[in-house]
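Structural features, examined
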Amino acid sequence: MIEREIVNQIVEKREYFEQKILEFLLCDTMLFCSENEEINSLYGKQISKVIDEFNKMLGVDYKLSRGFDIDDGNKTHQDVVGKYLSQTKGDFLSCIYMIATELRSVMLAVLLMNKKISVDESVELAFYEENFQQKQWGNIQELADKNNQIRHNINKILE
């Protein structure tokens, strides 16, 4: 179970946290594509599926970016996502915020909270570049430990 104190702080400052989630969404890991074609061939379809599922679920049209700039069209959907966030219960919003900070992705957090993906899938996708490097160069214990800790943290949030 998530710490009641943390949930209470997020609920108390709900508008602030909703705004932070919206700002974070524009820089979501899922919206920025790696320049490495090998990585894209391994993870591109999964990332596109995440974006498509998020778009379908919220009735928006976020697009993948191939550079460092935020797609201007993505900025136009903030009101719709803001309305979605404002209609969630405090505990749910708190979980989205805490999971998004763990995964560097609001999209993955929302899909995870709505049971559209698993914890393992979300961690794999959130750190796809690091996971690709590990597959290329061999197991790096620090990365495995970090991913396991993130899985543990998320599972604790979801209890």
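Before any of the text, the structure's been laid out above.
Here's what I pulled together on the structure shown here.

Criteria and cut-off values
Residues numbered from 1 in each chain as written. Predicted model: local features only at pLDDT ≥ 70, side-chain atom pairs only at ≥ 80, totals over all residues. Heavy atoms only, no water. Buried < 20%, exposed > 50% of the residue type's maximum accessible area, 1.4 Å probe, protein only. Helix = DSSP H or I, 4+ residues; strand = E, 2+ residues; numbered from the N terminus. Contact = heavy atoms within 4.5 Å. Polar contact = N/O pair within 3.5 Å; in protein donor to acceptor, adjacent residues only side chain to side chain. 1 Å grid on protein atoms, 1.4 Å probe; cavity = no way out; pocket = protein on both sides within 12 Å on 5 of 7 lines; lining within 4 Å. Points joined across faces, edges and corners; volume = space filled by probe spheres on them. Nonpolar A, V, L, I, M, F, W, Y, C, P; charged D, E, K, R; others polar.

1. Details of helix α6 (residues 106–113)
The element α6 is largely enclosed, with a buried count of eight among its eight residues. Residues V106, M107, L108, A109, V110, L111, L112 and M113 constitute the buried set of α6. Buried residues along α6 sit in contact with α2 (14–26), α3 (37–58), α4 (78–86), α5 (90–103), α7 (119–126) and α9 (141–158). Where α6 begins, the side chain of S105 points an oxygen toward the backbone nitrogen of M107, at a separation of 3.4 Å. K115 occupies a position one or two residues after α6 and carries a positive phi of about 60°.

2. Notes on the layout of surface pockets
Taken as a whole, the largest pocket holds about 220 Å³ of empty space. Considering the residues around the largest pocket, the lining is formed by 14 residues, among which F32, C33, S34, Y128 and E129 are closest to the centre. The residue makeup of the lining of the largest pocket, split by class, is six nonpolar, three polar and five charged. Elements supplying a minimum of two residues to the lining of the second largest pocket: α3 and α7. With four residues, the single largest contributor to the lining of the second largest pocket is α3. Here the residues of the lining of the second largest pocket sort into four nonpolar, one polar and four charged.

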